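# Structural description and commentary
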Amino acid sequence: MGGVYWIFQQDEDEEEKEEEEEEEEEEEEDVRKQERQGKTIPKRTKYVGLPFSRWFVGWFVLAYIAALLIAFVFTEVFHPLFLAPKGILPFLPRLVTSVVCALQLSLCWCLSLYLLALQ
């Protein structure tokens, strides 16, 4: 019985391979038809990114979070405890927050424009 099952299994495997080959041929035929008609099929594109690879983006995110944490600690802990009671530089927390956010937003715009220029 084991031999008969193995023969049937072989036949099923061969049929599956034939079906896959037919599907591939049909896809290739569709591509050829569309090329003849002047239509192009968008092929899979690789990741379009910065030339210094993805580690820069990871570094950028870490720097972004670190800058936000430093600004938060300064505006919520350091300034109220040490500078605000003496009346020194009352505008400094807002200034620090604005500068950090402006720099990060500007860098994001520069990166997005660079990626747009690559396309």
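Keep in mind it's a predicted model, so treat the numbers as computed, not measured.

### Quick word on the overall build of the protein
Along the protein, the regular secondary structure elements total three helices and zero strands. In the protein, the share of contacts with a sequence separation of at least 24, taken over all contacts with a separation of at least 6, comes to 51%. Of the accessible surface of the protein, which amounts to about 10,600 Å², a share of 63% is contributed by carbon and sulfur atoms.

### Let's talk about the confidence of the model for the protein
With 73% of its residues at a pLDDT of 70 or more, the protein has an overall mean of 78. Highest mean pLDDT in the protein belongs to helix α3 (residues 92–118) (87); lowest belongs to helix α1 (residues 2–36) (72).

### Brief notes about the packing of aromatic side chains
The description of two aromatic rings rests on the distance between their centres and on the angle between their planes. Within this structure, the stated rule accounts for two aromatic pairs. Ring centres 5.1 Å apart and planes at 45° place the aromatic pair Phe 78 and Phe 82 in the tilted group. Of the two residues, Phe 78 and Phe 82 are both situated in helix α2 (residues 53–83); the distance of four residues between them amounts to about one turn of the helix. Here the aromatic residues Phe 74, Phe 78 and Phe 82 are joined through ring pairs into a cluster of three or more.

### Focus: a nonpolar patch on the surface
Residues Phe 72, Val 73, Val 77, Phe 78, Leu 81 and Phe 82 make up a contiguous nonpolar surface patch of about 580 Å² in total accessible area. Looking at where Phe 72 falls in the secondary structure, it is placed in helix α2.

### Remarks on the environment of Pro 93
Of note, Pro 93 is situated in helix α3. Between the C-alpha atoms of Pro 93 and Glu 76, which are 17 residues apart in sequence, the distance is 8.2 Å. For Pro 93, the contacting residues outside a window of four places in its chain are Phe 74, Thr 75 and His 79.

### Examining the side chain of His 79
Relative to the helices and strands, His 79 is located in helix α2. If we skip the residues at most four places from it in the chain, His 79 touches Phe 74, Ala 84, Pro 85, Ile 88, Leu 89, Pro 90, Leu 92 and Pro 93.

### Describing α3
Taking 1.5 Å per residue as the helical rise, α3 with its 27 residues ought to reach 39 Å, and the 39 Å between its terminal C-alpha atoms agrees with that figure. Those residues of α3 not exposed but buried are Leu 92, Pro 93, Val 100, Gln 104 and Leu 111.

### Focus: unusual backbone geometry
The backbone of Leu 89 sits at a positive phi, close to 50°, despite the residue not being glycine. Along the chain, Leu 89 falls in the loop between α2 and α3.

### Details of the side chain of Thr 75
Secondary-structure assignment places Thr 75 in helix α2. You can call Thr 75 buried: its relative accessible area is 13%. Among the polar contacts made by the side chain of Thr 75, one reaches the main-chain carbonyl oxygen of Phe 72 at a distance of 3.2 Å. Those residues in contact with Thr 75 that sit more than four places away from it in its chain are Pro 80, Pro 93 and Thr 97.

Criteria and cut-off values
Residues numbered from 1 in each chain as written. Predicted model: local features only at pLDDT ≥ 70, side-chain atom pairs only at ≥ 80, totals over all residues. Heavy atoms only, no water. Helix = DSSP H or I, 4+ residues; strand = E, 2+ residues; numbered from the N terminus. Contact = heavy atoms within 4.5 Å. Areas by Shrake-Rupley, 256 points an atom, 1.4 Å probe, with all protein chains shown as cover. pLDDT = per-residue confidence, 0-100. Phe/Tyr/Trp six-rings, centres within 6.5 Å; stacked < 30°, edge-to-face > 60°. Patch = residues over 30% accessible without salt bridge, like charges linked within 9 Å, V, L, I, M, F, W, Y side chains within 5 Å. Salt bridge = Lys/Arg side-chain N within 4 Å of Asp/Glu carboxyl O. Expected span 1.5 Å × (residues − 1). Buried < 20%, exposed > 50% of the residue type's maximum accessible area, 1.4 Å probe, protein only. Polar contact = N/O pair within 3.5 Å; in protein donor to acceptor, adjacent residues only side chain to side chain.

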